[in-house]
Amino acid sequence: MYEGPVQDLIDELGRMPGIGPKSAQRIAFHLLKIPTPDAMRLSEAITRAKERVQFCQRCFNFSEHELCLICSSASRQDGTLCVVEESRDVVAVEKTQEFRGRYHVLQGCLNPIEGIGPEQLRVSELLGRIDGEQITEVILSTNPNIEGEATAMYLARLLGPLGVMVTRLASGLPVGGDLEYADELTLGRALEHRRAVE
Amino acid sequence: MALYRERGVVLRTYKLGEADRIVSILTQGRGKVRAVAKGVRKTKSRFGGRLEPTSHVELQLYEGRELDIVTQAESIDAHRHIREDLDRLSKAIVLLEAIDQLAQERQPAPQLYRMLVGGLSTLNQADSALLIPAFLLKLLAMEGFGPQLDGCVVGGPQDDGVDLVSFDLDRNGAVCLDHRRGVPIREESLSVMRAVLGGGLSTVLEVSAGPVTHEVDNLVGHMWEHHIERRLRSAHVLDRA
Ligand SMILES: [Zn+2]
Ligand SMILES: [Zn+2]
């Protein structure tokens, strides 16, 4: 334990995701050692981001305005929604340049053991968009782990009766990997969803 | 550091740092083990989907001071039918949570391991309305909280042969009309519970969902909270789908 402000800083840093007590201490000491203007820049960046960035009222991605750039863009294709867990997944899908529709960020995934159910996610907002925006296809792009799959199956059940086409990102072999290292579930699904070679 | 091999079932995982996870595993020989799986969240991880909850795996681990480190993982059973069906997956998660509450770190619990492996493989073969309550009831009995289902738990032998109408959680048994207390219960529900504890599990698993399965499910849930003093958080999270 350190004195007041030093310990406060360590405690606050320790609350960040993926930062344990040791890393928190290392970062705190680093911040105390660097020149004051450098540390202030960080502090101002946090303040500015917290002031200016909000959630898009429609898709719940980060946004500087009521509607984010993607939601307000006229060049995006209407009718298709890509549902992701977090904002960082929007970035990942955007990098593929394969998707021209719009997004919906759930802000998490179902995690029954942690008690995280649909009420804690932007699920009702998603359902509201289907009719409101005349959506014809929803692409469920949650993570291919157990929580992400539970989330996708749950959403598919809710979306099915609404008469919208529901698709899920394909599971398959990572490009550049070796077949022999693929786990049974991945390889099994890749085989099942194999496609003709042109 | 010592290297060892174990069979185990992944109970839960926690994100660690950028791409790692802490995996909590119920092993065959060492009870609950917590280990780091490095890089497992990367799409090209050699662990792939093998270290997800419900997976039954054969592992090689390095023994660490607090956390062990997973160095190899091979599937014994990926439980695909559980993974790809929301109802079964929700049930499997409850089984994992219950086992997680009972198992202690690094204390061998071969019976819990056998129960879990059996429960998951049963669920992987077919879904069943009574799978969870049957599983929890067996665990309760194993922990020394097996209920008294024959004869009134209040009146004792004097009340032999009378109809049993309710269940008293404190005394952990069925009660007759004269001594009625606790929650009301149907005779069919009591006989389902007797069958679970008396080796008649396979017939119990064929009972289809209805008022009886619902009643047993509720009662066993209450028994769990009463005796284990923990709530099963995952039990009804996905019910509304
Ligand atoms: Zn938006
Ligand atoms: Zn009695």
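Turning our eyes to something else, we now look at the domain arrangement of chain A. By a widespread convention, an interface's size corresponds to the accessible area lost as its parts come together. If you check the domain split of chain A, you get domain 1 (4-52) and domain 2 (76-168). Taking the mean C-alpha position of each, domain 1 of chain A and domain 2 of chain A sit 34 Å from one another.

This part is about the domain arrangement of chain B. Each assigned domain of chain B is listed here: domain 1 (3-79) and domain 2 (128-147 + 166-228). Its C-alpha centre places domain 1 of chain B at a distance of 34 Å from the equivalent point of domain 2 of chain B.

A few words now on the nonpolar core. Grouped together as the largest cluster of nonpolar side chains are 96 residues, with contacts concentrated most on A:Val83, B:Leu26, B:Leu95, B:Ile99, B:Leu116, B:Leu136 and B:Ala174. Those residues within four positions of B:Leu116 in sequence are excluded, and the remaining contacts are B:Val9, B:Leu26, B:Leu95 and B:Ile99.

Okay, the sheet that holds strand β4 (residues 56-62) of chain B next. Residues and elements named next belong to chain B. In spatial order, the strands read β1-β2-β3-β5-β4; together these five strands close into a barrel with mixed pairing. Taking each pair of neighbouring strands and ignoring which way they run, the sheet shows an average axis angle of 50°. Here strand β1 (residues 3-16) pairs with strand β2 (residues 20-27) via eight bridges, running antiparallel. Looking at the pairing, Gly-8 lines up with Thr-27 of β2. The strands that helix α2 (residues 86-102) touches are β1 and β2; relative to β1, the one it contacts most, it runs at about 110°.

Thresholds, definitions, all that
Residues numbered from 1 in each chain as written. Chains lettered and ligands numbered in written order. Predicted model: local features only at pLDDT ≥ 70, side-chain atom pairs only at ≥ 80, totals over all residues. Domains from an automatic or database assignment. Core = buried A, V, L, I, M, F, W, Y, C linked by C-beta atoms within 7 Å. Buried ≥ 20, exposed ≤ 12 C-beta atoms within 10 Å, placed from the backbone. Contact = placed C-beta atoms within 7 Å. Pairing = 2+ DSSP bridges. Helix = DSSP H or I, 4+ residues; strand = E, 2+ residues; numbered from the N terminus. Axes fitted to C-alpha atoms, helices over the stretch in contact; angles between N-to-C directions.

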